[in-house]
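# Residue-level structural notes
Each chain, written out:
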Amino acid sequence: MRRLPVYLLLDTSGSMYGEPIEAVKNGVQTLISTLRSDPYALETAYISIITFNSSAQQITPLTELAAFQQPNIDANGCTALGGALELLSQKIDTEITKTTAEVKGDWRPLVFIMTDGEPTDSMTKGLDEFKKRKCGMVVACAAGQGANTNTLKQITENVVQLDTAAVSYTHLRAHETRRHL
């Protein structure tokens, strides 16, 4: 069966301390819970977590939804959002099975970016690399009341406030299906 890769880019920088990091933790928990309540998602969704503070790192490689365990995250350091987008681009290239004449590849990945939107590195290179990849849907989740949505709108037009973000898997699947037709 084709996999549906779901990448979560989580801002764990010092500016996320307090309410924003709690919103991220709750957002991840809500998303995983929503996915687990959908039988189709249980069969197809694979979750990966990339955190970024002073640098970006993949702390959870693509993992079957049923086996996924939410990692503990804390806020500290700077905000390497550009580095996170660059790392995500590399992971998309290496972890996703492409469709060929012989094999049906993975679905286009879903990407959720949870941040306050204030990078301390240059986003230019990472954003350029990321925009070269084909994703099913990219949702930027603004964490905290002071989140900079202008930065997030440079990445995607789908920007939501994290504490009110309720994106259903059925909606995402319908959107993904339309993109493949």
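For the structure itself, consult the block above.
Summary of the structure given here.

Rules of the game
- Residues numbered from 1 in each chain as written.
- Predicted model: local features only at pLDDT ≥ 70, side-chain atom pairs only at ≥ 80, totals over all residues.
- Heavy atoms only, no water.
- Helix = DSSP H or I, 4+ residues; strand = E, 2+ residues; numbered from the N terminus.
- Buried < 20%, exposed > 50% of the residue type's maximum accessible area, 1.4 Å probe, protein only.
- Contact = heavy atoms within 4.5 Å.
- Areas by Shrake-Rupley, 256 points an atom, 1.4 Å probe, with all protein chains shown as cover.
- Phe/Tyr/Trp six-rings, centres within 6.5 Å; stacked < 30°, edge-to-face > 60°.
- Lys NZ or Arg CZ within 6 Å of the ring centre and 35° of its normal.
- Axes fitted to C-alpha atoms, helices over the stretch in contact; angles between N-to-C directions.
- Parallel < 35°, antiparallel > 145°, perpendicular 65-115°, else oblique.
- Left-handed = near helix turned anticlockwise from the far one by under 90°.
- Pairing = 2+ DSSP bridges.
- Core = buried A, V, L, I, M, F, W, Y, C linked by side-chain atoms within 4.5 Å.

When its secondary structure is counted, the protein chain shows 6 helices and 6 strands. Shown N-terminal to C-terminal, the secondary structure of the protein chain runs as helices and strands in the order β-α-α-β-β-α-β-α-β-α-β-α. Within the protein chain, buried positions represent 50% of all 181 residues. Long-range contacts, defined as pairs at least 24 residues apart, comprise 74% of the intrachain contacts of the protein chain with a sequence gap of at least 6. Only carbon and sulfur atoms are counted for the fraction: they give 48% of the accessible area of the protein chain, which is about 8600 Å².

Tallied over the entire structure, the rule returns 0 aromatic pairs. The side chain of Arg 3 reaches across the aromatic face of Tyr 46, ending 5.2 Å from its centre.

Now for the packing of helix α3 (residues 81–95) against helix α4 (residues 124–131). Two quantities define a packed helix pair, namely the angle between the helix axes and the distance between the axes. Interhelical geometry of α3 versus α4 gives an angle of 30° and a closest axis separation of 7 Å. When the axis of α3 is compared with that of α4, the two are roughly parallel. Along this stretch, α3 crosses α4, giving a crossing that reads as left-handed. Each of Gly 82, Leu 85, Glu 86, Leu 88, Ser 89 and Ile 92 in α3 lies in contact with α4, whose residues at this interface are Lys 125, Gly 126, Leu 127, Glu 129 and Phe 130.

Burial analysis of strand β2 (residues 45–52) places 8 of its 8 residues in the buried class, which makes it a mostly covered element. With 8 bridges connecting them, strand β1 (residues 4–11) and β2 associate as parallel partners. Looking across to β2, one finds that Pro 5 is bridged to Tyr 46. Note: β2 against strand β3 (residues 56–64), 6 bridges, orientation antiparallel. Of the residues in β3, the one forming a bridge with Ile 49 is Thr 60. Hairpin connection, β2 to β3: the antiparallel pair is bridged by 3 residues.

Okay, the sheet that holds strand β5 (residues 137–142) next. Across the sheet, which stays open at both edges, the 6 strands sit in the order β3-β2-β1-β4-β5-β6 with mixed pairing between neighbours. For this open sheet the edge positions go to β3 and β6 (159–161), each flanked by a neighbour on one side alone. Neighbour to neighbour, the strand axes of the sheet diverge by 20° on average, direction disregarded. Taken together, the 3 bridges between β5 and β6 define a ladder with parallel strand orientation.

Of note, Thr 79 is situated in the loop between β3 and α3. Other than its neighbours up to four places away in sequence, Thr 79 contacts Asp 11, Ser 13, Ser 15, Phe 52, Asn 53, Glu 118, Pro 119, Thr 120 and Asp 121.

This brings us to the nonpolar core. Core analysis: the largest hydrophobic core is formed by 29 residues, its most contacted members being Leu 8, Leu 10, Val 24, Ile 47, Phe 112 and Met 114. Elements supplying a minimum of two residues to this core: β1, α1 (19–36), β2, β4 (110–115) and β5.

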